[in-house]
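Okay, here's what each chain looks like letter by letter:
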Amino acid sequence: MTTFVLIPGMCHGGWCFEQLTEELRRHGHRVHPLTLTGLSERSHLLHGGVNLETHIQDVTGVLAAENIQDAVLVGHSYGGMVITGVADRVPGRVDSLVYLDAVVPQPGDSMWSLVSDRERQWYVDVVESGDAVRPLPFFDPRATPHPLASLLQPLPITEDAAHVRRRVYVYAAGWADQSPFTPTYQRLRADPSWTTYALDSGHNLMRDAPQDLLKILLDIGG
C-alpha cells in the first residue's frame, strides 16, 4: 500500500481529485486529497496573510497528524510549489514527488517569477478585498479565489528536491494554445534523474486523461 497526498492547483480544492482518489483507493492505496487554507470548503479561512508557507504547513501538518511516512506527493500546477516546499521541510516523510503539468521551482522562486506576463495579468485580477485572485471563467463552478500572497512569496527552501528518491513529471501536451509548461518538460526530459510522461490532455489532467494518469500513479505506487 502506498500513501498518496494530492495537492490541487490554483482556485481548486481536493474535490478536483475525486475520480482519481476513488480509483487509487479501489486499488488498495491510502489517499489524502487536500484542500489548502483559504480555498473551497476552507475559503472562510482566507485572509491577506495566507501564503505559500501556510500551504506548506497544511501538508506537513497532515503528514505528521496521520503519521505518514514515505508519501507520494502529487501536485497539480501551483501544487508543484507546495510539494517542493514540503519535501524540503520533512524529507524523511516523502518518498516521491509527482508534478502534474506543474511548476518545478528552485530556491527563491515564486509563482510570480516563474510565469509569463499573460499569467501575471490574471494574478492582478483580484477580488474587492485585494487579497485573492479570481478564478478564470472556464474553471469548475466550485472554484474559489486563490490567496494572492501564495503566488508572490518566494519558495522558502535552501536546495532543490534532488534528495527525493523519485521525481516524476507528467506533461499535458494537448493545450489549445501554447503550454507555459513546455520549457519545464523539455528540460526535465533531458535530465536522467527525472521520469517524464507526455499525455494527450489539456491542463486538467485529472479530468481529461484520468485513466492514463491513474496508470502512471499505480506504477509509482508499485
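Our structure is the block above this text.
Residues numbered from 1 in each chain as written. Predicted model: local features only at pLDDT ≥ 70, side-chain atom pairs only at ≥ 80, totals over all residues. Heavy atoms only, no water.

Undergrad: What am I meant to see in the sheet that holds strand β7 (residues 166-172) here?
TA: If you walk across this open sheet you meet the six strands as β2-β1-β3-β4-β7-β8, and the pairing is parallel. In this open sheet, the two strands that pair with only one neighbour each are β2 (30-33) and β8 (194-199). Pairs of neighbouring strands in the sheet enclose a mean axial angle of 15°, with direction left out of account. Pairing geometry for strand β4 (residues 94-100) and β7, over five bridges, is parallel. (Pairing = 2+ DSSP bridges. Helix = DSSP H or I, 4+ residues; strand = E, 2+ residues; numbered from the N terminus. Axes fitted to C-alpha atoms, helices over the stretch in contact; angles between N-to-C directions.)

Undergrad: For this particular structure, what's the right way to read the packing of helix α1 (residues 18-26) against helix α9 (residues 210-221)?
TA: For any two helices packed against each other, the geometry is given by the interaxial angle and the distance between the axes. Where α1 contacts α9, the axes come no closer than 10 Å and their chain directions differ by 45°. In this view, α1 runs oblique relative to α9, as classed from their interaxial angle. Crossing hand, α1 versus α9: right-handed. On α9, the residues touching Gln19, Leu20, Glu23 and Leu24 of α1 are Pro210, Gln211, Leu213, Leu214, Leu217 and Leu218. Here the contact of α1 with α9 is composed, by residue class, of seven nonpolar, two polar and one charged. (Parallel < 35°, antiparallel > 145°, perpendicular 65-115°, else oblique. Left-handed = near helix turned anticlockwise from the far one by under 90°. Contact = heavy atoms within 4.5 Å. Nonpolar A, V, L, I, M, F, W, Y, C, P; charged D, E, K, R; others polar.)

Undergrad: Would you mind showing me how to read the layout of surface pockets here?
TA: Which parts of space are left empty comes out when a probe the size of a water molecule is rolled across the atoms. Looking at the largest pocket, its volume works out to about 1,300 Å³. Along the walls of the largest pocket sit 46 residues, with Ser77, Phe138, Phe139, Trp175 and His203 positioned nearest its centre. Sorting the residues of the lining of the largest pocket by element identifies α1, α4 (111-114), α5 (117-123), α7 (182-189) and α8 (205-208) as the ones contributing at least two each. Element by element, the count of residues in the lining of the largest pocket is highest for α5, at four residues. (1 Å grid on protein atoms, 1.4 Å probe; cavity = no way out; pocket = protein on both sides within 12 Å on 5 of 7 lines; lining within 4 Å. Points joined across faces, edges and corners; volume = space filled by probe spheres on them.)

Undergrad: Would you take a moment to explain α1 for this structure?
TA: Residues spaced three or four apart along an α-helix point in a common direction, a consequence of the helix completing one turn every 3.6 residues. For α1, the full list of buried residues reads Leu20, Thr21, Glu23 and Leu24. The elements touched by buried residues of α1 are β1 (3-7), β2 and α9. Just downstream of α1 lies Gly28, where phi reads positive at about 95°. (Buried < 20%, exposed > 50% of the residue type's maximum accessible area, 1.4 Å probe, protein only.)

Undergrad: Honestly, unusual backbone geometry in this entry has me stumped. Any pointers?
TA: Excluding glycine, residues mostly carry a negative phi; peptide bonds, for their part, are mostly trans. In this structure, Cys11 takes a positive phi of about 75° despite not being glycine. By the secondary structure assignment, Cys11 is in the loop between β1 and α1. Looking at Cys11, the relative accessible area reads 0%, which means it is buried. One non-glycine residue, Ser40, lies in the positive phi region at around 50°.

Undergrad: Would you explain the pattern of salt bridges in this entry?
TA: When charged atoms on two side chains of opposite charge get close, those side chains can pair. Applying the stated rule across the entire model yields 12 salt bridges. Of the charged contacts, one joins Asp177 and Arg118 as a salt bridge, the two residues approaching to 3.0 Å between their closest N and O atoms. With Asp177 in the loop between β7 and α7 and Arg118 in helix α5, this pair connects stretches of sequence that are 59 residues apart. Look at Arg118 and you get exposed, because its relative accessible area is 55%. Residue Lys215 pairs with Asp219 through a salt bridge whose shortest N-O separation is 3.5 Å. Note that Lys215 and Asp219 are positioned in helix α9 at a spacing of four residues, about one turn of the helix. Owing to a relative accessible area of 44%, Asp219 belongs among the partly exposed residues under this scheme. Through salt bridges with shared partners, a single network forms among Asp125, Glu128 and Arg134. (Salt bridge = Lys/Arg side-chain N within 4 Å of Asp/Glu carboxyl O.)

Undergrad: How should I be thinking about α7 in this particular structure?
TA: Listing the buried residues of α7 in full gives Thr182, Thr184, Tyr185 and Leu188. On an axial view of α7, the arc spanned by its buried residues comes to 160°, and they lie on one face. Where α7 is buried, its residues contact β7 and β8. (Arc of directions from axis to C-beta.)

Undergrad: What is the right way to look at the nonpolar core in this model?
TA: Soluble globular proteins: nonpolar side chains tend toward being buried together. The biggest cluster of nonpolar side chains holds 46 residues, and the ones touching the most others in it are Val5, Val59, Tyr78, Val86, Leu97 and Tyr169. Counting residues per element, this core draws most heavily on helix α3 (residues 79-89), at five residues. Contact partners of Tyr169, with chain neighbours within four places excluded, come to Tyr99, Asp101, Ala102, Val104, Phe181, Thr184, Tyr185, Leu188, Trp194, Thr195, Thr196 and Tyr197. Of all hydrophobic cores here, the second largest spans 24 residues; its members include Val98, Leu100, Leu205 and Ala209. (Core = buried A, V, L, I, M, F, W, Y, C linked by side-chain atoms within 4.5 Å.)

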